[in-house]
Amino acid sequence: MKYIYSLLLTGGLFACTKTDITDAAPEPADRIESFRITNVQGDPVEAAISDRDGTITLYLPSYRQLTILEPAITLPAGTTVSPASGTLVEDVFGAIRTNRNIIYTVTAKNGSKRDYKLLVRTQQPDVTLEELSTVDDIREYTINTKDPYSNFVIYLKGTGFLENNELMRVAPVDGSGKELPAFLLSTTHLGSLYQVSPYLDQSEQLKPLLDALPATGLYRLRVYVYGRVKTLQYPIRINKQ
């Protein structure tokens, strides 16, 4: 009886350790395997891809201030993507500033589709601004539309500015939160990385802003610096005579 019990016990132990092996489910074909930016010196910049969220998140280092992106996209065999690999993404600053949708549609050989949204994240310092006005003292600027040479310059001090004014934008925002056309920027002080100078005159370039301004109004200035945005807390007054 002891011998029989021992055999039964041993057989029970072996039965408990039996494992069924199941092959892993194959990866879907309607997906992006890799997404990298190649128009940079050195190694390409790799993006993080989420099939679940349908996103391609590109983290650009602070020293990568790209205005155009050239992506190289890797796909499973037989899969296509639109826009195609190598298609340039232009006006990166505008895309970041306006949160413009950049969608990649992947189509597998069997016809299944998946969309990915490109998210550009810039790893740069925050922007800080010194206030021009206070709660009791509103700074005023005046332009005389009858004088073709009338103009004014606003001197903004802070941190986080760039030397490339094509990657910056300063626009007035009215009391309703509406953003008006942007000022032009002077490059005189940008080399200091401390002061940026938006200005308003009666040139054709600034006609949309001049036309949008009423006779007088209070505006907060909104400053875009590549992937960062900052708005002054206190408004300025702009008089149009």
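Each remark here, short or long, concerns the structure printed above.
All of these numbers come straight from a predicted model, not from anything done at the bench.

About the criteria used
- Residues numbered from 1 in each chain as written.
- Predicted model: local features only at pLDDT ≥ 70, side-chain atom pairs only at ≥ 80, totals over all residues.
- Heavy atoms only, no water.
- Pairing = 2+ DSSP bridges.
- Helix = DSSP H or I, 4+ residues; strand = E, 2+ residues; numbered from the N terminus.
- Axes fitted to C-alpha atoms, helices over the stretch in contact; angles between N-to-C directions.
- Polar contact = N/O pair within 3.5 Å; in protein donor to acceptor, adjacent residues only side chain to side chain.
- Contact = heavy atoms within 4.5 Å.

Draft legend 1. Expanded view of the sheet that holds strand 4 (residues 55–60). Spatially, the 5 strands line up as an open sheet ordered 3-4-8-7-6, and their pairing is mixed. The open sheet is flanked by strand 3 (48–50) and strand 6 (80–82), the only strands paired with a single partner. Taken pair by pair, the neighbouring strands of this sheet meet at an average axis angle of 25 degrees, ignoring direction. Relative to strand 4, strand 3 is paired through 3 bridges, and the arrangement is antiparallel. Paired with alanine 48 across the bridge in strand 4 is threonine 57.

Draft legend 2. Local environment of the environment of glycine 177. With respect to the element layout, glycine 177 can be found in the loop between strand 13 (168–173) and strand 14 (184–186). Remark: the alpha-carbon pair of glycine 177 and arginine 220, spanning 43 residues in sequence, is separated by 9.1 Å.

Draft legend 3. Structural view of the sheet that holds strand 1 (residues 34–37). Ordered in space as 2-1-5, the 3 strands form an open sheet in which the pairing is antiparallel. In the strand order of this sheet, the two ends are held by strand 2 (45–46) and strand 5 (71–74), each with one partner.

Draft legend 4. The arrangement of the side chain of glutamine 124 in detail. For glutamine 124, the position within the fold is in the loop between strand 8 (113–122) and strand 9 (128–129). Looking at glutamine 124, its side chain comes within polar contact range of the main-chain oxygen of valine 225, at 3.1 Å. Filtering out sequence-adjacent residues up to four positions away, glutamine 124 remains in contact with Ser62, Val225, Tyr226, Gly227 and Arg228.

Draft legend 5. Structural context of the pairing of strand 8. For strand 4 and strand 8, the ladder comprises 6 bridges, and the chain directions are parallel. Pairing of threonine 57 across the sheet is with leucine 119, part of strand 8. In terms of strand pairing, strand 7 (residues 103–107) meets strand 8 through 5 bridges, oriented antiparallel. The partner of valine 106 across the bridge, within strand 8, is arginine 114. Taken together, strand 7 and the strand that follows it, strand 8, pair antiparallel across an intervening segment of 5 residues, in which glycine 111 is found at a positive phi of about 95 degrees.

Note that all results are geometric; they support no functional claim without further evidence.
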